[in-house]
Structure formats: C-alpha cells, structure tokens
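Listed below, chain by chain, are the residues.
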Amino acid sequence: KQKDKKILEQGKLARLGSMISMIAHQWRQPLTQLSAILMELETATRFKKVNDNYILESIEKSDKMIEFMSNTIDDFRNFFKPDKIKEEFFVSNSCKNAINIIDATLKNFDIKLNVNIKNDHKIYGYPTEFSQVVLNILSNAKDILVEKKIKNPRIDLDIDSKGVLSIITIKDNAGGINEKNIDLIFDPYFSTKDSSKGTGLGLYISKLIIERNMGGELSVYNDEEGAVFKIVVAG
C-alpha cells in the first residue's frame, strides 16, 4: 500500500508536467487572437477609424477569448480534484472531460480524434479518476504517433456496452506495441519512452484505478493498425 501511494504521488507530479504543456497549447490560439484584436484596435485608433461600435465589438471578441481561457483553467483545476466518494456518472461525460484537456494538443500535431458513442451507460466509481485514465491513454497514443512521425495520425475512441458492462476502446494507427513489451506495459517504471519523456507510471496507475478502485479491467492488444486499450467496467 505504501509503495502504491508513493507511485501515485510520483505519477501525479509527472502528470502535472504534461498538463502544463497542454495548457500552453490550449492558450496559444486565444492569446494570438487577443493580440490580433489589440493590434487592429491600435491601427484603427492611429488612423482615426475608431467608433463606439468598433470598440464594443473588440471588447465582445476579447471577452469571449478570456472566457475560453478561464474555462480552460477550471477544466484543469477540476481535473486534479480527488473524488471523495463513488458516484454514478456517464462514461461519455468522463471521456469528454479528458478530451477537453488534450484537444488543442492533438490539433497542434494534426492528430485526428474520432469519437464513436454506440451505447452510453452510467457506471459507478470515481469520474475524475476515470477521466485521468482516458487522458493518460490518449496522451500515450499522441506521444507514439508523434515519435513515429505517422502519416495521417489517428486515434479512435469507442464507447459501447454489453449488458451491465461498459466497454471503452482507445486505438491508434502507430503500428502497435512490440510483442516483447506487451506483457510488461502495465508494470511500474516500465517505459518505452526516453527517460526525459516518461516515468513508466501512467499505465500502472491507470490499471490501479480501473481494477482496484473501480472493479473493472484494463487490457491492451495489437490490431492490424496499432495498439488497442480496452477498459471494461460494470454499471
């Protein structure tokens, strides 16, 4: 238990680092747009082309950008709030929270994310922790797609159910995990990444969350295109 507690703490610190990078991607576009609005306003002022309407429109556009940036901060802050008690939540909502965090990063690397919701069920557990698992798998897929310089990089996220079971699959088209590593992928401190880019804790923590905290199962296999991570949790 002490070992797992220590590993969870280390994993949290590692995630904070990657979160800062994701915030940077989320803020880059609105900051650029705000800068453009101010430059237009400055030019219009210099050439005496400013009227009340122009100023009010600029303020409205700026407010929208600032609101977006503020919402981003709320998304990230809520993401790290620990869930105190188990609750019922829709799988799709938890997945969307993870996507909100990584969306701009994926766009930055021209990675297409396809979300396919066939059957969306409520499950019982910790929604924030579940979102963190989804984010971790998406982030790993992004890393491998970028590292391998895959042409037309893609991630598919499918949500389905069979009876009381909710099934979430996340797959990429990066060619799959080396067969000699596939049995080690959930081991603590095992990583195929450079030591500066990964701690090898993410998937171990994800497995702890799904299997120990939520009584589900997290597994991985290769298909013809790449790696497929499968989460199965009872409703």
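Below is a summary of the structure that appears in this document. Here the structure is a predicted model, which means the values were calculated and not measured. (Residues numbered from 1 in each chain as written. Predicted model: local features only at pLDDT ≥ 70, side-chain atom pairs only at ≥ 80, totals over all residues. Heavy atoms only, no water.)

Things to note about unusual backbone geometry
For Lys 149, which is not a glycine, the phi torsion comes out positive at approximately 50°. With relative accessibility at 73%, the residue Lys 149 sits in the exposed group. A positive phi angle, near 50°, is found at Asn 152, a position not held by glycine. Position of Asn 152 relative to the elements: it lies in the loop between helix H4 (127-147) and strand E4 (154-162). Looking at Asn 152, the relative accessible area reads 67%, which means it is exposed. (Buried < 20%, exposed > 50% of the residue type's maximum accessible area, 1.4 Å probe, protein only. Helix = DSSP H or I, 4+ residues; strand = E, 2+ residues; numbered from the N terminus.)

A look at the pairing of strand E6 (residues 217-222)
Where E6 meets strand E7 (residues 227-234), six bridges bridge the pair, whose relative direction is antiparallel. By the bridge assignment for E7, Glu 217 is matched with Val 232. Linkage of E6 to E7, two consecutive antiparallel strands, is achieved through a turn of four residues. (Pairing = 2+ DSSP bridges.)

Considering a nonpolar patch on the surface
A cluster of nonpolar side chains, contributed by Val 50, Ile 55, Leu 56 and Ile 59, occupies part of the molecular surface with about 310 Å² of accessible area. If you trace the backbone, Leu 56 turns up in helix H2 (residues 52-79). The class for Leu 56 is exposed, based on a relative accessible area of 55%. (Patch = residues over 30% accessible without salt bridge, like charges linked within 9 Å, V, L, I, M, F, W, Y side chains within 5 Å. Areas by Shrake-Rupley, 256 points an atom, 1.4 Å probe, with all protein chains shown as cover. Salt bridge = Lys/Arg side-chain N within 4 Å of Asp/Glu carboxyl O.)

As for the pattern of salt bridges
Inspection of every chain in the model, using the stated rule, returns nine salt bridges. A salt bridge links Asp 103 to Lys 107; the shortest N-O distance between them is 3.1 Å. You can see Asp 103 and its partner Lys 107 sitting in helix H3 (residues 91-108), four residues apart, about one turn around the helix. Classification of Lys 107 by relative accessible area gives exposed; the value is 56%. In the salt-bridge network here, residues are joined through shared partners; they are Arg 154, Asp 156, Lys 171, Asp 223 and Glu 225.

Some remarks on the sheet that holds E4
Whether parallel or antiparallel, the strands of a sheet pair through hydrogen bonds between backbone atoms. Ordered in space as E2-E4-E5-E7-E6, the five strands form an open sheet in which the pairing is mixed. Single-partner strands in this sheet number two, and they are strand E2 (112-117) and E6. Put simply, the sheet's adjacent strands are angled 15° from each other on average, direction ignored. With eight bridges joining them, E4 and strand E5 (residues 165-172) adopt antiparallel strand pairing. Along E5, the bridge assignment pairs Asp 158 with Thr 169. Packed on one face of the sheet, H3 meets E2, E4 and E5 and runs near 180° to E4. (Axes fitted to C-alpha atoms, helices over the stretch in contact; angles between N-to-C directions. Contact = heavy atoms within 4.5 Å.)

Considering the packing of aromatic side chains
Within this structure, the stated rule accounts for two aromatic pairs. Aromatic pair Phe 186 and Phe 229: ring centres 6.3 Å apart, planes at 90°, arrangement edge-to-face. In this pair, Phe 186 is assigned in the loop between E5 and helix H5 (202-213) and Phe 229 in strand E7, connecting sequence segments 43 residues apart. For the pair Phe 186 and Phe 229, a shared accessibility class is recorded, and that class is buried. The lysine or arginine in question, Lys 207, covers the ring of Phe 186, its NZ or CZ lying 4.5 Å from the ring centre. (Phe/Tyr/Trp six-rings, centres within 6.5 Å; stacked < 30°, edge-to-face > 60°. Lys NZ or Arg CZ within 6 Å of the ring centre and 35° of its normal.)

Quick word on the nonpolar core
Formed by 42 residues in total, the largest nonpolar core has its most connected members in Phe 130 and Ile 231. Those elements that place two or more of their residues in this core are H3, H4, E4, E5, H5, E6 and E7. Top element by residues in this core is H4. It accounts for eight residues. (Core = buried A, V, L, I, M, F, W, Y, C linked by side-chain atoms within 4.5 Å.)

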